[in-house]
Every structure is written in structure tokens, then in C-alpha cells.
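Here's the letter readout for the chains.
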Amino acid sequence: MPRASDETRPAILQAAYKLFRRRGFFRVGIDEIADAAGVTKRTLYYHFDSKDALLTAVLASQHERTFADFQNYGIDLSGGADALIDKLFEGLVKWSSKPRWAGSGFTRLAIELADLSGHPARSIAREHKVLMEQQLETLLAEAKVLAPKARARELALLIEGAMVMILIHGDRSYCTAAAEAAKRLVAGSDSSPPMS
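As the structure is a prediction and not an experimental result, all values here were calculated from the model.

Caption draft 1: Highlighting the packing of helix 5 (residues 80–96) against helix 9 (residues 173–187). At their nearest, the axes of helix 5 and helix 9 sit 10 Å apart, and the two run at 160° to each other. Considered as vectors, helix 5 and helix 9 are oriented roughly antiparallel to each other. When the axes of helix 5 and helix 9 are compared, the crossing they make is right-handed. Residues Ala 81, Asp 82, Ile 85, Asp 86, Phe 89, Leu 92 and Val 93 of helix 5 touch helix 9, and the partners they reach there are Cys 175, Ala 178, Ala 179, Ala 182, Lys 183 and Val 186. Classifying every residue of the contact of helix 5 with helix 9 by side-chain character gives 10 nonpolar, no polar and 3 charged.

In C-alpha cells form, the structure reads like this:
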């Protein structure tokens, strides 16, 4: 039975997302994506004029989903900054425990496209990371942390660093170490100058 036109684009995006995430942008071909989506190559090119445009659309779609999920993450700030930090890193432990986990797709693709600074997918990855950092800043401000912008930047670094170390070593205890470092930063935040 032919797929309805309004189902085709999301099916291509989902197939491309899974393949790009699993194997990277350069190691996946258009034929493979079309096959995984159950469409012809011609149909794929009808919806996306290039593999670069497809990757950009995949990241834009994932950004919307990830950002919405994070905003609805159910973080209870009644426990203060320490509870927030625990929740974030417990979430990372749970996420990184999934089979075939490969870290942040935004980070991985930005690194894979490092020599293509003008690539539109890199712009989306950058925007995603900026908005996630701003969301952390908002949460830290609500938790009454001093200099929340500076602390959000440091927390983003600790989260990214923990993901990379888990990928390298396969050791989720990096989340515990990063959470403890984050708590020390937050506790000492009254002695650090705010970011301008």
C-alpha cells in the first residue's frame, strides 16, 4: 500500500536520524536512507534536495523534540540546586545506559562537520546547545544560584565532558564525578564573578 504523502517526509527524517546517529553523516548514503525509509531515491530527493538539506532537517526536528522534552523534564526545584544537578546527571546515567547509546547527536555531528564551518547543520547544533545552556541558566536562577549564566556554562561543560568520557571509557561513574564538581561550583558561586 503506498504511503500517504504527509507520512513520507517524517518517515525519511526518522530513517535518516537513526542512520546518522548510528553511523555518522559521511558513512551513510542516500540509497541506504531511502531504503530504510521505504521510499525511492527520487521520492527522497523530492522532499530534500540534498543530503546536507536532509541532515539539516533531521537536526532541526531533533532540536524541537529534545528541547520540548527538556522543558517538560519534570525538574522539581524545591530541593534547590543540588537536587537539580542530581536530576540532570541521573538522567544522563539512565540515557547512557540505553543499548547503542552514542552520546549527543548534535555534538557528534558538529565534530564530524568541524571542517565545514558554514554547514547549516552546524548552525542548528550551535543553536541547540545555546538554547539548552539558556534553559540551564533559567533553572539555576529559579534555584537561586548566584551568577546563573556562568554556572550554566560550567554545567554545560560538565555534562558534555561526562558524555565524552562515558563514550571513551564506558564508565558511567563520570556522571557522579561531574555532579559532585557541579555541586562544588554552585556552592562556591558567591565567590565567582558573574559572566557579562
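Picking up where we left off.
Caption draft 2: Just the pattern of salt bridges, in detail. All told, the structure shown has 7 salt bridges when counted by the stated rule. As a salt-bridge pair, Glu 133 and Arg 153 come within 2.7 Å of each other at their nearest N and O atoms. Taken as a pair, Glu 133 in helix 7 (residues 120–142) and Arg 153 in helix 8 (residues 148–169) lie far apart in primary sequence, 20 residues in all. Arg 151 is the salt-bridge partner of Glu 154, the closest N and O atoms lying 2.5 Å from each other. You can see Glu 154 and its partner Arg 151 sitting in helix 8, 3 residues apart, about one turn around the helix. A single network of salt bridges, built from pairs that share partners, joins Asp 86, Glu 180 and Lys 183.

Caption draft 3: Region of interest: the packing of helix 5 against helix 8. For the pair helix 5 and helix 8, the least separation of the axes is 11 Å and the interaxial angle reads 25°. In terms of orientation, helix 5 and helix 8 fall into the roughly parallel class. Judged by the sense of rotation from one axis to the other, the crossing of helix 5 with helix 8 is right-handed. Across from Leu 88, Phe 89, Leu 92, Trp 95 and Ser 96 in helix 5, the residues of helix 8 making contact are Leu 155, Leu 158, Ile 159, Ala 162, Met 163 and Ile 166. Its residues placed into classes, the contact of helix 5 with helix 8 shows 10 nonpolar, 1 polar and no charged.

Caption draft 4: Examining unusual backbone geometry more closely. Positive phi, normally seen in glycine, also occurs at Arg 100, with a value near 65°. Mapped onto the fold, Arg 100 is located in the loop between helix 5 and helix 6 (105–112). We note that Ala 147 has phi near 50°; this positive angle belongs to a residue other than glycine. Among the structural elements, Ala 147 can be located in the loop between helix 7 and helix 8.

Caption draft 5: Quick look at the side chain of Ser 96. Within the secondary structure, Ser 96 sits in helix 5. Apart from residues no more than four positions distant in its own chain, Ser 96 is found in contact with Trp 101, Ile 166 and Arg 172.

Caption draft 6: Layout of the nonpolar core. In this structure, Phe 89, Leu 92, Leu 136 and Leu 155 are the most contacted members of the largest nonpolar core, which totals 27 residues. Mapped onto this core, the elements with two or more residues apiece are helix 4 (51–71), helix 5, helix 7, helix 8 and helix 9. Excluding anything up to four places from it in sequence, Leu 136 contacts Phe 70, Leu 88, Ala 152, Leu 155, Ala 156 and Ile 159. With 26 residues, the next largest nonpolar core counts Val 28, Leu 44, Phe 48 and Ala 57 among its residues.

Caption draft 7: Structural detail: the environment of Lys 149. Position of Lys 149 relative to the elements: it lies in helix 8. Along the sequence, Lys 149 and Arg 27 sit 122 residues apart, while their C-alpha atoms lie 37 Å from each other.

Calculation criteria
Residues numbered from 1 in each chain as written. Predicted model: local features only at pLDDT ≥ 70, side-chain atom pairs only at ≥ 80, totals over all residues. Heavy atoms only, no water. Axes fitted to C-alpha atoms, helices over the stretch in contact; angles between N-to-C directions. Helix = DSSP H or I, 4+ residues; strand = E, 2+ residues; numbered from the N terminus. Parallel < 35°, antiparallel > 145°, perpendicular 65-115°, else oblique. Left-handed = near helix turned anticlockwise from the far one by under 90°. Contact = heavy atoms within 4.5 Å. Nonpolar A, V, L, I, M, F, W, Y, C, P; charged D, E, K, R; others polar. Salt bridge = Lys/Arg side-chain N within 4 Å of Asp/Glu carboxyl O. Core = buried A, V, L, I, M, F, W, Y, C linked by side-chain atoms within 4.5 Å. Buried < 20%, exposed > 50% of the residue type's maximum accessible area, 1.4 Å probe, protein only.

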